[in-house]
Amino acid sequence: MAATVQTEPQVLARAKQRLFPENAPDQYVVADTQFAQEQWLAETPIPERTRARLAPFNHVRVGSGYPDLVGVGRIDDEVLAVDRLGEQPPLIAVEAKGVTSHGTTDIERGVVQAHDRLGEANVAFLAAPTGAITQSTRTLARQVNVGVLGVGSDTVTVLERPRVVGTRSPDEATAIRFQASAQGVTDRSFGLNHPKNYLAVPLAVAHDGATDDIVAERVVGAVADARRGAVFLGLLDRGPENGLTPLGREVVRFGLREYGSIDDALAAFEAWKRSRKRFVDVAPRWGQLTRRVVYAYPATQLLVEELQCLHDDGFPSPSLVEFVEYLHATHPTFTVELFLRGDVRSRVLTDDGGLRRPALTDGGVYHSPTVFQLKAMLYHAGVLTERGSEPSKLDPETDTWALRESVSGH
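The rules we used
- Residues numbered from 1 in each chain as written.
- Predicted model: local features only at pLDDT ≥ 70, side-chain atom pairs only at ≥ 80, totals over all residues.
- Heavy atoms only, no water.
- Helix = DSSP H or I, 4+ residues; strand = E, 2+ residues; numbered from the N terminus.
- Rg over C-alpha atoms; globule rule 2.2 N^0.38 Å.
- Contact = heavy atoms within 4.5 Å.
- Areas by Shrake-Rupley, 256 points an atom, 1.4 Å probe, with all protein chains shown as cover.
- Phe/Tyr/Trp six-rings, centres within 6.5 Å; stacked < 30°, edge-to-face > 60°.
- Buried < 20%, exposed > 50% of the residue type's maximum accessible area, 1.4 Å probe, protein only.
- Salt bridge = Lys/Arg side-chain N within 4 Å of Asp/Glu carboxyl O.
- Pairing = 2+ DSSP bridges.
- Axes fitted to C-alpha atoms, helices over the stretch in contact; angles between N-to-C directions.
- Parallel < 35°, antiparallel > 145°, perpendicular 65-115°, else oblique.
- Nonpolar A, V, L, I, M, F, W, Y, C, P; charged D, E, K, R; others polar.
- Core = buried A, V, L, I, M, F, W, Y, C linked by side-chain atoms within 4.5 Å.

Chemist: So what exactly am I meant to see when it comes to the overall build of the protein chain here?
Modeler: Scanning the protein chain for helices and strands turns up 18 helices and ten strands. The C-alpha atoms of the protein chain give 24 Å as radius of gyration, which agrees with the globular expectation for 410 residues (22 Å, within 12%). Principal-axis analysis of the C-alpha atoms places the extent of the protein chain at approximately 70 × 45 × 40 Å. The contacts in the protein chain between residues at least 6 apart in sequence include a share of 67% that link residues at least 24 apart. When the accessible surface of the protein chain is split by element, carbon and sulfur atoms take 48% of a total near 17400 Å².

As structure tokens, this is what we get:
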């Protein structure tokens, strides 16, 4: 990267590295879909290395526009003027400005754009080449509480430190917060497709024996996947000890009420090992508890409510393609995060965040934890009519998403 000529995508990639270090915990960040394209403003190509640094992509509305970068993370204290508010990581918006073939873009306009994001973001930054940032730009940014990152060839310097502000959390920002939370839909969320494997984990934790040994012997061999899924469903804490949450303790109480002891409850799960039958039919009472647990997962609530709306509109059995198109019209950011793999979004999304329908017919673009594992769990809980399919075996045009029971009337 040249010291004096930096395009907007290059500036943004460097700013992302400074604010969101790779593999940092409790964070999730996306760049706007305009940066997923091969060309920048039809002038210069965006290097593949730069696009890889900026991925994944989404078109997220914050304030009255779409930031170049939006994410949730625990950024360094030295970047902020004051400590962050509360325990929740702040929602951060970044506007980048770079150099074009016609010269540097309007830096002060970037400050105004960043300030607009503070209606819904907790922190806003302008990122621009260091040499293009004037004292008047810094003064304006300081007055409106916008941070300024000076991007050089080798360093990113914090020129103005913003304060964290409290804001409302709209649907679009909520989707990014959801991804950064313990319940986010990531490649590490659900590795197993039967909810019994997760429900049994609180019982194993409450048992006198070694938790992992009990899970492996009596429930499922994929112990790490079982633990991780139990965390994502809110049954276990995220901490190193993976203690029981209130919902997890309720599962244990249910097991004691049904069987009289933890050991006898686990014996029932041992009998269901490797079962493929619908859980709510094999064990109706456990199935109802499963329904309560999976419905507490925020993504489930969104899916069920929107499927009900489709049913009310005369579409009781939409295909996966039809469902994603419908859902994207009302919850675009959440739909992209929930259904589309992060490494294929440049194939599926236009530069303004629209969907390319032909790409949606390819099962390989979909997120396995949603279309396979989560859908299968909703099937076992009696919510959906069909179980999920692995993306490699998925036909999105025939894969049906339909409620087993729909509610008539409003």
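Chemist: Explain the packing of aromatic side chains to me, please; I cannot follow it from the model alone.
Modeler: What describes a pair of aromatic rings is the distance from one ring centre to the other and the angle between the planes of the rings. Here the structure, examined in full by the defined rule, presents eleven aromatic pairs. Residues Phe-190 and Tyr-198 carry aromatic rings whose centres are separated by 5.9 Å and whose planes lie at 50° to one another, so their mutual orientation is tilted. With 5.3 Å between their ring centres and 70° between their planes, Phe-190 and Tyr-297 make a pair best called edge-to-face. Of this pair, Phe-190 sits in the loop between α5 (171-180) and α6 (196-206) while Tyr-297 is found in the loop between α12 (284-295) and α13 (298-312), placing the two residues 107 residues apart along the sequence. Each member of the pair, Phe-190 as well as Tyr-297, is classed as buried. By way of ring pairs, the aromatic residues Phe-254, Phe-269, Trp-272, Phe-279 and Trp-286 are connected into one cluster.

Chemist: Help me understand the pattern of salt bridges in this model?
Modeler: Should their charged atoms come close, side chains of opposite charge can pair. One pass over the full model with this rule turns up 21 salt bridges. Arg-253 serves as the salt-bridge partner of Glu-250, at 3.3 Å between the closest nitrogen and oxygen. Within this pair, Glu-250 and its partner Arg-253 are both found in helix α9 (residues 246-259), separated by three residues, close to a single helical turn. Overall, the relative accessible area of 22% leaves Glu-250 in the partly exposed class. A salt bridge links Asp-281 to Arg-278; its shortest N-O distance comes to 3.6 Å.

Chemist: Could you clarify how one ought to interpret helix α8 (residues 223-232) in this entry?
Modeler: Regarding α8, the residues found buried are Val-223, Ala-226, Gly-229, Ala-230, Val-231 and Phe-232. Looking at the packing, one finds that the buried side of α8 touches α6 and α7 (211-218). Looking one or two residues beyond α8, the residue adopting positive phi is Gly-234, at roughly 80°.

Chemist: It is not clear to me how the sheet that holds strand β10 (residues 156-160) should be interpreted in this structure. Could you clarify?
Modeler: What links the strands of a sheet is backbone hydrogen bonding, and the strands pair in either a parallel or an antiparallel sense. Pairing in this open sheet of six strands is mixed, and the strands run β1-β4-β5-β8-β9-β10 from one edge to the other. The open sheet has two free edges, formed respectively by β1 (28-31) and β10, since each of these has just one partner strand. Each neighbouring strand pair of the sheet contributes to a mean axis angle of 20°, computed without reference to strand direction. Sheet topology note: the strand β8 (residues 123-129)/strand β9 (residues 147-151) ladder contains five bridges and is parallel. Residue pairing in the sheet places Leu-126 in a bridge with Val-148 of β9.

Chemist: Where do I start with the packing of α7 against helix α10 (residues 262-271) in this structure?
Modeler: Describing two packed helices takes the angle between their axes plus the distance from one axis to the other. Relative to each other, α7 and α10 sit at 40°, their axes nearing to 9 Å. With respect to α10, the element α7 is oriented oblique. When α7 is examined against α10, the residues Ile-214, Glu-217 and Arg-218 are found in contact with a partner set consisting of Asp-263, Leu-266, Ala-267, Phe-269 and Glu-270. In the contact of α7 with α10, the residues fall into four nonpolar, no polar and four charged.

Chemist: What is the right way to read the pairing of β1 from this model?
Modeler: On a regular strand, each side chain points to the face opposite its neighbour's, so the side chains alternate between the two faces of the sheet. Residues of β1 alternate between two faces, with Tyr-28 and Val-30 on one and Val-29 and Ala-31 on the opposite face, all of them buried. Pairing geometry for β1 and strand β4 (residues 69-72), over four bridges, is antiparallel. Across the sheet, Ala-31 pairs through a bridge with Leu-69, a residue of β4.

Chemist: What is the right way to look at the environment of Val-294 in this model?
Modeler: For Val-294, the position within the fold is in helix α12. On the basis of relative accessibility, which here comes to 2%, the residue Val-294 falls in the buried class. Between the C-alpha atom of Val-294 and that of Leu-378, which follows or precedes it by 84 residues, the distance is 7.2 Å. Contact partners of Val-294, with chain neighbours within four places excluded, come to Leu-233, Thr-300, Leu-378 and Ala-381.

Chemist: Sorry, what's going on with unusual backbone geometry here?
Modeler: Only a minority of non-glycine residues have a phi that is not negative, and only a minority of peptide bonds are not trans. With omega at 5°, the peptide bond leading from Ala-55 into Pro-56 counts as cis. By the element assignment, Pro-56 lies in the loop between α2 (48-54) and β4. Notably, Asn-145 is not glycine yet its phi reads approximately 65°, a positive angle. Following the sequence through the fold, Asn-145 ends up in the loop between α4 (135-143) and β9. One non-glycine residue with positive phi stands out, namely Arg-274, at about 65°. Looking at the secondary structure, you find Arg-274 in the loop between α10 and α11 (279-282).

Chemist: What is the right way to read helix α15 (residues 332-339) from this model?
Modeler: Residues spaced three or four apart along an α-helix point in a common direction, a consequence of the helix completing one turn every 3.6 residues. Judged by how many residues are buried, α15 sits mostly within the fold: seven of eight residues are covered. By the burial criterion, the buried members of α15 are Thr-333, Phe-334, Thr-335, Val-336, Glu-337, Leu-338 and Phe-339.

Chemist: Explain the nonpolar core here, please?
Modeler: With 73 residues, the main nonpolar core has Leu-235, Trp-286, Leu-303, Phe-339, Tyr-366 and Trp-401 as its most contacted residues. Setting aside its immediate chain neighbours within four residues, Leu-303 contacts Phe-323, Leu-327, Leu-338, Phe-339, Leu-374, Leu-378 and Trp-401. Counting residues in each nonpolar core, the second largest holds 28 residues, with Leu-12, Ala-31, Ile-46 and Phe-57 among its members.

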